[in-house]
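Residue-level listing of the chains:
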Amino acid sequence: MQCSEGAERDRYVNIYMDLISTKKKLVHDQDDYFFPEPTFYRVKKFVGNHAEVIDELPRNMTYKEYLKYKESTYENKKDTEKDSMELG
């Protein structure tokens, strides 16, 4: 926020204020009429002083959709490992 100006700074301030004024862990700056829930298409984590992408998603997802996606990919991975163990 401190290193930006104008509309970009306003956007960051609005996101920050939403995060500290609600109990939500995920907020967005999109129009609530068209996007009632925040969506995202990649997951990042902080490493040192920058963020690295740790998960590219096949499409934009809400948080609930992301949890279901991760659960289904985890189940598919477990099934694949089980099948390969049975074959080996």
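The notes below deal with the structure included here. Worth saying up front: this structure is predicted, and the values here are computed from it rather than measured. (Residues numbered from 1 in each chain as written. Predicted model: local features only at pLDDT ≥ 70, side-chain atom pairs only at ≥ 80, totals over all residues. Heavy atoms only, no water.)

Attention now goes to the overall build of the protein chain. Scanning the protein chain for helices and strands turns up two helices and two strands. Beginning at the N terminus, the succession of helices and strands in the protein chain can be written as α-β-β-α. Put simply, the protein chain has 88 residues, and 12% of those count as buried. Summing over all exposed atoms, the protein chain offers an accessible surface of approximately 7,900 Å²; the carbon and sulfur share of this is 53%. (Helix = DSSP H or I, 4+ residues; strand = E, 2+ residues; numbered from the N terminus. Buried < 20%, exposed > 50% of the residue type's maximum accessible area, 1.4 Å probe, protein only. Areas by Shrake-Rupley, 256 points an atom, 1.4 Å probe, with all protein chains shown as cover.)

A few words now on the environment of Glu 52. Secondary-structure assignment places Glu 52 in strand β2 (residues 50–61). Overall, Glu 52 belongs to the partly exposed group, its relative accessible area being 37%. The residues touching Glu 52, leaving out its near neighbours within four places in the chain, are Val 43, Lys 44, Lys 45 and Val 47. (Contact = heavy atoms within 4.5 Å.)

Successive residues of a regular strand alternate their side chains across the two faces of the sheet. Where strand β1 (residues 40–47) lies against β2, seven bridges are found, and the strand directions are antiparallel. Residue pairing across strands places Val 47 opposite His 50, the latter belonging to β2. (Pairing = 2+ DSSP bridges.)

Counted under the stated rule, the structure contains one aromatic pair. Taking 5.4 Å as the distance between ring centres and 65° as the angle between the ring planes, the aromatic pair formed by Phe 40 and Tyr 66 counts as edge-to-face. With Phe 40 in strand β1 and Tyr 66 in helix α2 (residues 63–87), this pair connects stretches of sequence that are 26 residues apart. Look at Tyr 66 and you get buried, because its relative accessible area is 13%. (Phe/Tyr/Trp six-rings, centres within 6.5 Å; stacked < 30°, edge-to-face > 60°.)

In this section: the pattern of salt bridges. Applying the stated criterion to the full structure yields two salt bridges. A salt bridge links Asp 55 to Lys 70; its shortest N-O distance comes to 3.1 Å. Linking Asp 55 in strand β2 with Lys 70 in helix α2, this pair joins segments that are 15 residues apart in sequence. (Salt bridge = Lys/Arg side-chain N within 4 Å of Asp/Glu carboxyl O.)

This part takes up the nonpolar core. Residues Phe 40, Val 43, Leu 57, Met 61 and Tyr 66 constitute the largest nonpolar core, which totals five residues. When near neighbours in sequence (up to four residues on either side) are disregarded, Leu 57 contacts Phe 40, Tyr 41, Arg 42, Tyr 66 and Tyr 69. (Core = buried A, V, L, I, M, F, W, Y, C linked by side-chain atoms within 4.5 Å.)

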